[in-house]
Amino acid sequence: MEKYIENDCGKVSKTQIVLFCIYIFLSFFETYLTRFFGNGTKFYLLFVLAVFLYQVRFRIKVNRIWIFYLAWFAYKFMSISWSSMTNSDFNTHLLSQIGMLLFVIVMVGRKQEKILLYAILQSCLWVSFLFGVLSIFFRDAFLDEVFAARQVLTLFGQQNDPNNCAAFLLVGVTLALYSATIERKKVLLNTVIVAVNTYALMLTSSRAGFLTLGALIIGLVFLPQPGKHLQLKETAMKLGIIVVVVTITVFIVQKFLPQVNMDRLIIWSGYEGGSGRDIRWQRSVELFLQKPLFGWGWSGYNTGVGAIHNTFLTSLCDVGVFGTVLFSMPLVLIGVESFRNKNNLAFLLLMAGILPSFALDAINKRFFWNAIVFSAMHITYQKQTAERITVWGFLDEGKA
């Protein structure tokens, strides 16, 4: 019989933990594994969700987060009725969005177990670090980019978009920086993870990733810790740790990073027209203003300049203000709850996944939905137990 790990919040089987950790691995490396499995990896999540649904006997608790997303998807699907189906978004994203919707409902609506949350954080940390290490040793110029100096992980002849790669690397940076500055555990190991992943991020020359990294550092310095007000001494101590970690990282970056990559990131004058985003965003705003309330309907518009490269502007064109409010409300709820309850880890995880989506279309990206689901799971667990989960907290559990 299957063994279950018992704790004060329910039970979860070891098999379920392993299955979910495999899903996290696939979230990072799915693009590269298509060489062997084609699109078959996309159905793995449905299998995992079926296992978790069976565990809770198909009972899902009502939660505002998944209710909003269910309403958003229902409205978006209904918008097909007034869509001219001008672009291919509906055919391309339908199955993936159904899968992500089920992902939110099942994982946020179930009772949260501490051991599963520990496993998620550890898996995200180590898989992101693995992604960083491989990105350094198995990198190549991104073939779909005019700026050939952008280096991305290249495995089995497969590549991922530099901005997607940066988002994967940011997961490890976020968890390692949080662990070093807030938990103050394994500082040396966390410094290595930050240095490796930041160097790999710089190789991608992703401006969205670079700006998100800056925002995360600012958040780590100024977010108040649980049970404490924003104190000068505490802030100075966190800032000191970050300065040390960043100094080591900068030394490595300056020593090994090609200057052309650094120039693309630090020369601000080039940001405005990055990959034609100024033109794409201007065109999307024009389309939105023509039908601001309900939008053009799913797949109902054509920019004439390609993809919009902004998840929320894309949503405004698809479903207007009404649908975008439904889509954005869970992010607001998670952010407010995590900030109010000083759950800094949930807040930073959300930032790491959401901020890059302002520079690319992330509606079908694993890192985007993982950030939402994992941060929501942490907030839900805190509501259930009045307890916060930390990256290396399972070590304290083992000693207790």
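The structure presented is a predicted model; accordingly, all values stated were derived computationally and were not measured.

**Here we look at empty space enclosed by the protein**
Piece 1. Evaluated as defined, the whole model comprises three cavities of 30 Å³ or more.
Piece 2. Here the largest cavity defines a volume of roughly 160 Å³.
Piece 3. If you trace the largest cavity, you find 13 residues lining it, with V171, F367, N370, A371 and F374 closest to the centre.
Piece 4. Every element with two or more residues in the lining of the largest cavity is listed here: α1 (14–37), α6 (162–183), α13 (344–354) and α14 (366–385).
Piece 5. When residues in the lining of the largest cavity are grouped by element, the largest group, four residues, is from α14.
Piece 6. Tallied by class, the residues present in the lining of the largest cavity amount to 10 nonpolar, three polar and no charged.

**A look at helix α7 (residues 187–204)**
Residue pairs spaced three or four apart in an α-helix point in one direction, given the helix's 3.6 residues per turn.
Piece 1. With 18 residues, α7 ought to run about 26 Å at 1.5 Å a step, and its terminal C-alpha atoms sit 26 Å apart, in line with that.
Piece 2. The first or second residue beyond α7 is S205, which carries a positive phi of 55°.

**Brief notes about the sheet that holds strand β3 (residues 139–141)**
Piece 1. The strand order across the open sheet formed by three strands is β3-β4-β5, and the pairing between neighbours is antiparallel. Because the sheet does not close on itself, it has two edges, and the strands there are β3 and β5 (158–159).
Piece 2. With two bridges connecting them, strand β4 (residues 151–155) and β5 associate as antiparallel partners. Its bridge partner being in β5, L155 is matched across the sheet by Q158.

**Here's the deal with the pattern of salt bridges**
Piece 1. Across all of its chains, the model carries seven salt bridges by this definition.
Piece 2. A salt bridge links R110 to E113; the nearest nitrogen and oxygen atoms lie 2.6 Å apart. For the pair R110 and E113, one class covers both residues: buried.
Piece 3. Between E286 and R283 there is a salt bridge, and its shortest N-O distance comes to 3.4 Å. Linking E286 with R283, this pair stays in helix α11 (residues 277–290), spanning three residues, or about one helical turn.
Piece 4. By relative accessible area, E286 is classed as partly exposed at 36%.
Piece 5. Note on R283: relative accessible area 27%, which makes it partly exposed.

**Some points on the packing of helix α3 (residues 64–78) against helix α4 (residues 89–109)**
Piece 1. In contact at an axis separation of 9 Å, α3 and α4 are set at 160° when each is read in the N-to-C sense. The orientation of α3 with respect to α4, classified from their angle, is roughly antiparallel. The hand of the α3/α4 crossing is left-handed. Contacts between α3 and α4 involve I65, W66, Y69, L70, W72, F73, K76 and F77 from the former and F90, L94, Q97, I98, L101, V104, I105, V108 and G109 from the latter.
Piece 2. Taken together, the residues that form the contact of α3 with α4 break down as 14 nonpolar, two polar and one charged.

Basis of the calculations
Residues numbered from 1 in each chain as written. Predicted model: local features only at pLDDT ≥ 70, side-chain atom pairs only at ≥ 80, totals over all residues. Heavy atoms only, no water. 1 Å grid on protein atoms, 1.4 Å probe; cavity = no way out; pocket = protein on both sides within 12 Å on 5 of 7 lines; lining within 4 Å. Points joined across faces, edges and corners; volume = space filled by probe spheres on them. Helix = DSSP H or I, 4+ residues; strand = E, 2+ residues; numbered from the N terminus. Nonpolar A, V, L, I, M, F, W, Y, C, P; charged D, E, K, R; others polar. Expected span 1.5 Å × (residues − 1). Pairing = 2+ DSSP bridges. Salt bridge = Lys/Arg side-chain N within 4 Å of Asp/Glu carboxyl O. Buried < 20%, exposed > 50% of the residue type's maximum accessible area, 1.4 Å probe, protein only. Axes fitted to C-alpha atoms, helices over the stretch in contact; angles between N-to-C directions. Parallel < 35°, antiparallel > 145°, perpendicular 65-115°, else oblique. Left-handed = near helix turned anticlockwise from the far one by under 90°. Contact = heavy atoms within 4.5 Å.

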